[in-house]
Amino acid sequence: MSLPAYTGPVGRIWHAAFIAICCLVFIFLMAPILVIVPLSFNAEPYFTFTPAMLRLDPEAFSFRWYLDVLGIGEGTGANRGYEWAFAARNSLFIAFFATLLATALGTLAAVGLSRTQMPFRKPIMALLISPLIVPIIIIAAGMFFFYSKVGLAYSHLGVILAHAAIGTPYVVITVTATMVGFDETLIRASASLGAKPLRTFFRVIMPLITPGVISGALFAFITSFDEVVLIYFLADAEQKTIPIQMWSGLRQQISPSILAVATLLITFSVILLVAVELLRRRSERLRTSAVT
Amino acid sequence: MATVQQPIIIDGRPLKEQLARAERRKKYVAFAMVLPLLLFILITFAIPIGSMLFRSVDNPRMITLAPQLTAELSEWDGQDMPPEEVFEAAVKDFKLAAEAGTLGRIATRVNYSMAGARSLIVKSKRKFKNVTEGPYREVMIKADKRWGELDTWKTLKKVSVPYTPVYFLNAIDRDLDGDGNIVKQPSEKRIYVKLFVRTLWIALLVTVLTLILGYPIAYLISTQPPRISNLLIIMVLLPFWTSLLVRTTSWIVLLQTQGVLNDLMVWMGVISDDGRIQMIYNLQGTLIAMTQILLPFMVLPMYSVMKTIPLSELRASQSLGANPFITFFRIFLPRSIPGIGAGGLLVFVVSVGYYITPALVGGAKGQMISNQIAFHMKSSLNWGLAAALGTILLVGVLVLYWLYDKVVGIDKMKLG
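Residues numbered from 1 in each chain as written. Chains lettered and ligands numbered in written order. Predicted model: local features only at pLDDT ≥ 70, side-chain atom pairs only at ≥ 80, totals over all residues. Heavy atoms only, no water.

What about the overall build of chain A?
Looking only at helices and strands, chain A features 12 helices and zero strands. Walking chain A from its N terminus toward its C terminus, one meets helices and strands in the order α-α-α-α-α-α-α-α-α-α-α-α. Computed over its C-alpha atoms, the radius of gyration of chain A comes to 24 Å, more than 25% above the 19 Å expected for a compact globule of 292 residues. Referenced to the eigenvectors of the C-alpha coordinate spread, the extents of chain A come out at roughly 75 × 70 × 35 Å. Taking all 292 residues of chain A together, 53% fall into the buried category. (Helix = DSSP H or I, 4+ residues; strand = E, 2+ residues; numbered from the N terminus. Rg over C-alpha atoms; globule rule 2.2 N^0.38 Å. Buried < 20%, exposed > 50% of the residue type's maximum accessible area, 1.4 Å probe, protein only.)

Considerations on the overall build of chain B
Counting its regular elements, chain B contains 19 helices and four strands. In terms of C-alpha radius of gyration, chain B reaches 32 Å, well past the compact-globule figure of 22 Å for 416 residues. Dimensions along the principal axes, computed over C-alpha positions, put chain B at roughly 100 × 95 × 35 Å. Taken across its 416 residues, chain B has 48% of its residues classed as buried. Here the analysis covers contacts within chain B between residues at least 6 apart in sequence; of these, 66% occur between residues at least 24 apart. Carbon and sulfur atoms make up 62% of the accessible area of chain B, which amounts to about 20500 Å² in all. Side chains of chain B carry 44 positive and 29 negative charges; the gap between the two charge centres is 11 Å. (Contact = heavy atoms within 4.5 Å. Areas by Shrake-Rupley, 256 points an atom, 1.4 Å probe, with all protein chains shown as cover. Lys, Arg positive; Asp, Glu negative; His and termini not counted. Charge placed at Lys NZ, Arg CZ, Asp CG, Glu CD.)

A look at the interface of chain A and chain B
With 92 residues of chain A at the interface, the matching set in chain B holds 87 residues. Buried surface at the junction of chain A and chain B, summed over both partners, amounts to about 8500 Å²; 83% is from carbon and sulfur atoms. At the boundary of chain A with chain B, the tally comes to one salt bridge. Note that A:Lys122 and B:Asp405 form a salt bridge whose closest N and O atoms lie 3.4 Å from each other. Counting the contacts that link chain A with chain B gives seven residue pairs in polar contact (both at pLDDT 80 or more). Looking at the side of chain A that touches chain B, the element that brings in the most residues is helix H1 (residues 9-39) of chain A, giving 16 residues. Taken together, the residues that form the side of chain A that touches chain B break down as 75 nonpolar, nine polar and eight charged. (Buried area = accessible area lost by both parts, 1.4 Å probe. Salt bridge = Lys/Arg side-chain N within 4 Å of Asp/Glu carboxyl O. Polar contact = N/O pair within 3.5 Å; in protein donor to acceptor, adjacent residues only side chain to side chain. Nonpolar A, V, L, I, M, F, W, Y, C, P; charged D, E, K, R; others polar.)

Focus on the domain arrangement of chain B
Partitioning chain B into domains gives domain 1 (13-47), domain 2 (61-164) and domain 3 (192-412). Between the C-alpha centres of domain 2 of chain B and domain 3 of chain B the distance comes to 52 Å. (Domains from an automatic or database assignment.)

A look at the side chain of B:Thr70
Mapped onto the secondary structure, B:Thr70 falls in helix H3 (residues 67-75). Non-local contacts of B:Thr70, meaning those with residues more than four positions away in its chain, are made with B:Met62, B:Ile63 and B:Ser160.

A closer look at the side chain of B:Asn59
Residues and elements named next belong to chain B. The topology assignment puts Asn 59 in the loop between helix H1 (15-54) and helix H2 (61-65). Here Asn 59 falls in the buried class, since its relative accessible area comes to 2%. Within the structure, the side chain of Asn 59 is placed 2.7 Å from the backbone oxygen of Val 161, a separation counted as a polar contact. Ignoring sequence-local partners within four residues, the contact set of Asn 59 consists of Arg 109, Val 159, Ser 160, Val 161, Pro 162, Tyr 163, Thr 164 and Tyr 167.

Structural notes on the nonpolar core
Counting residues in hydrophobic clusters, the biggest one holds 183 residues, and the most contacted among them are A:Leu128, A:Tyr147, A:Met246, A:Trp247, B:Trp241 and B:Ile356. Among the elements that make up this core, the one with the highest residue count is helix H7 (residues 156-179) of chain A (13 residues). Both of domain 1 (13-47) and domain 3 (192-412) of chain B provide at least three residues apiece to this core. Dropping the residues within four chain positions of it, A:Tyr147 is found in contact with A:Leu152, A:Ala153, A:Gly158, A:Leu161, A:Ala162, A:Leu234 and B:Thr44. Core analysis: the second largest hydrophobic core is formed by 30 residues, B:Leu69, B:Ala90, B:Phe128 and B:Trp153 among them. (Core = buried A, V, L, I, M, F, W, Y, C linked by side-chain atoms within 4.5 Å.)

Structural notes on helix H12 (residues 244-255) of chain B
An α-helical turn contains 3.6 residues, so a residue and the one three or four places further along point in the same direction. Residues and elements named next belong to chain B. Its 12 residues place the ends of H12 16 Å apart at the C-alpha level, agreeing with the 16 Å of an ideal helix rising 1.5 Å per residue. Looking at H12, one finds that the buried residues are Leu 244, Leu 245, Val 246, Arg 247, Thr 248, Thr 249, Ser 250, Trp 251, Ile 252, Val 253, Leu 254 and Leu 255. Two to three positions downstream of the cap, the backbone nitrogen of Leu 245 sits 3.2 Å from a side-chain oxygen, assigning the N-cap of H12 to Ser 243. (Expected span 1.5 Å × (residues − 1).)

Looking at the environment of B:Leu261
All names here are of chain B. Inspection of the secondary structure assignment puts Leu 261 in helix H13 (residues 260-268). Measuring from C-alpha to C-alpha, the distance between Leu 261 and Arg 276 comes to 9.7 Å, with 15 residues separating the pair along the chain. Once residues lying within four places of it in the same chain are set aside, the contact partners of Leu 261 are Leu 254, Leu 255 and Met 279.

Quick notes on the packing of aromatic side chains
Scanning the entire structure with this criterion turns up 32 aromatic pairs over all chains. Between A:Trp247 and B:Tyr355, the aromatic rings sit 6.0 Å apart at their centres with planes inclined by 40°, giving tilted as the arrangement. On the criterion of chain membership, the pair formed by A:Trp247 in helix H11 (residues 242-251) and B:Tyr355 in the loop between helix H16 (324-352) and helix H17 (356-361) is interchain, its members lying in two chains. Exposure class is identical for A:Trp247 and B:Tyr355. Each is buried. Positioned above the aromatic ring of A:Tyr232, the side-chain terminus of B:Lys378 is 4.7 Å from the ring centre. Its guanidinium or amino end placed over the ring of A:Phe233, B:Lys378 lies 5.3 Å from that ring's centre, counting from NZ or CZ. (Phe/Tyr/Trp six-rings, centres within 6.5 Å; stacked < 30°, edge-to-face > 60°. Lys NZ or Arg CZ within 6 Å of the ring centre and 35° of its normal.)

As for the packing of helix H10 (residues 192-223) of chain B against helix H11 (residues 226-241) of chain B
Residue and element names in this part refer to chain B. Where H10 meets H11, the axes come as close as 8 Å, and the angle between the chain directions of the two elements is 150°. One element, H10, and the other, H11, form an angle in the roughly antiparallel class. As for the relative orientation of H10 and H11, their crossing is left-handed in sense. Where H10 approaches H11, its residues Ile 217, Leu 220 and Ile 221 are matched on the opposing element by Ser 229, Leu 232, Ile 233 and Val 236. Grouping the amino acids of the contact of H10 with H11 by side-chain chemistry returns six nonpolar, one polar and no charged. (Axes fitted to C-alpha atoms, helices over the stretch in contact; angles between N-to-C directions. Parallel < 35°, antiparallel > 145°, perpendicular 65-115°, else oblique. Left-handed = near helix turned anticlockwise from the far one by under 90°.)

Examining the confidence of the model for chain B
All names here are of chain B. Taken residue by residue, chain B gives an average pLDDT of 86. The fraction at 70 or more is 97%. No element of chain B has a lower mean pLDDT than strand S1 (residues 9-10), which averages 76, and none a higher one than H10, which averages 94. The ipTM for the predicted assembly is 0.87, set against a pTM of 0.85. (pLDDT = per-residue confidence, 0-100.)

Some words on the pattern of salt bridges
Residues and elements named next belong to chain B. Across all of its chains, the model carries seven salt bridges over all chains by this definition. For the salt bridge of Asp 263 with Arg 276, the shortest nitrogen-to-oxygen distance reads 2.9 Å. One end of the pair, Asp 263, is in helix H13; the other, Arg 276, is in the loop between H13 and helix H14 (283-306), and 13 residues separate them in sequence. Residue Arg 276 is classed as buried on the basis of its relative accessible area of 18%. In this structure, Glu 313 and Arg 335 form a salt bridge, with 2.8 Å as the shortest nitrogen-oxygen distance. Taken together, the residues span a long stretch of sequence, with Glu 313 in helix H15 (residues 311-319) and Arg 335 in helix H16 at a distance of 22 residues. The exposure class assigned to Glu 313 is partly exposed, which follows from its relative accessible area of 30%. Overlapping salt bridges, with partners in common, bring together Lys 123, Asp 144 and Arg 146 in one network.

Regarding unusual backbone geometry
Residue and element names in this part refer to chain B. For Asp 173, which is not glycine, the phi dihedral falls at a positive 60°. Counting through the fold element by element, Asp 173 comes out in the loop between helix H9 (166-171) and strand S3 (174-176). Assessed through its relative accessible area of 3%, Asp 173 is described here as buried. Not every positive phi belongs to a glycine, and Leu 381 is a case in point at roughly 60°. In this structure, Leu 381 sits in the loop between helix H18 (369-378) and helix H19 (383-407).

So, in structure tokens, the structure goes:
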């Protein structure tokens, strides 16, 4: 922020201090991510920078933890490669189907909630958003008893349903947000041109809300992909995912392979973040061009 | 002079009626679109949680496992020693339960309310085995003299009621004594009120810390041109999108005694190698990690309010002679309060129920109420107490949620 010419010396010092504070906060915000990436290339099984690493000695860096994770290295016990590969497959499988379910149900509901004729709009909205607010431990405890009773505990289906339930609020929120700028006359126009409601939904509504739907789906995906507590309560070894593998690693003996996995996950979230950001801009563009 | 208007008739029906019908149809269509998700959330989410919470008062174990004893105990007034029928029912039910293999569960349930009850009941199993006729009272007292004490029977009567307030009382460090009075738990068992207070305290500290750290950067972002502000927003969003476990792992790596930060301080000579600071596995660790993890939840709502404050007003204030401090406190701060409210409530409500981070970096002193609920769910298996603690937590969170709706409005909740 460039200062106006009339700023006095006190103002300038204050401004410099303000910028310095902001830099420190950004360092605090980014530090965990920035530290873990170089450490994952540590050639030694330590969780700190070795003197050789600080000298940028190429000998001090290696891919050994990545090789372990990929199952090519000499990792032992819970860090054997196939354990991580198995967990990754489970994670992707569960997250994919949970996202599919959450997106389908959430999008339909959000379109319905955006209609002006929707009865009991506020209380229903409050209920549908509540999985975002209710503490995860309470959700886990509730689902644990219920799923045990109906025989869904310790199954992939149970975990998928549970993850879909906590993912839907994101879809409802993002799609409702894109529906705010939606011009309802388009629906009438489509109907007057002879389209049936279903055709209107897929040919008129869907293309306009797609950015919101996809970004909601990405939120639901990352929610499931990163979820530990429900799996800890509802699943066993058969449904082990990457987060649960990390969780048990962190609670027992922490191995540098976890840092390699963490770095891979950070890369993954960067990709997802960029995708959501691009979608958001596209959606904003669509909305502003619709108004003008 | 008013003229009576003829209703407009189209296709043999008044237009008004047709319009009302069309509106009604639209209402049904809108509702039908919401219905699948509504049912899904009700069945997989709301009802399971509701029935779990019901366990906090539900007390079916004695009734199903020792039906005769429960029936006899409910007849007994609980004042003097129980009559022979109660003793008879106890021996018969315990024998039946021992055969069915459920005596251990009865013993566990009684043990929640009376220390030593488990061994008393399990020990009596062998002694009652060959008893087929009375007087049962003498048989029981001979087996263990505690069966001759009034308090034992009062405890049994207490645990045999179908609905019990005991779990809720335990959750606030109280208990029922033999006469049904509410008494304080012995001091070594009084942990939950302290834990609730600590949970609220941690949530409040995290809220204040995120506000102090988040306000300057939200202000900075909102006053930058789009090119720079977009970049800064991405820097706020990236931690938000990074796995919670990854960030918690990083904090362990950064803060542990052999970790990066301690190494750095030793290397710079701030502390000696023996004087490494314990920054994790305590309250401090929980606070640092939670503040970083929840900072985006504070910054984003504040930013979205701040960017609507026109910068021209700030310039106008300054051109009218106000110095930058007055401009900030009189013009900018009051208009940013809705953002503070939205961010603060969100951070508070999310941090009250935090579980993973305290479990991994909190040590003993940094645990929150969720960790205790998990302990009773997974380890001690005292599900009634877990449900009671959970109910109190949930009610608190729902009150905050309601407040959030009043102050901010849930349909204004935005992501990214």
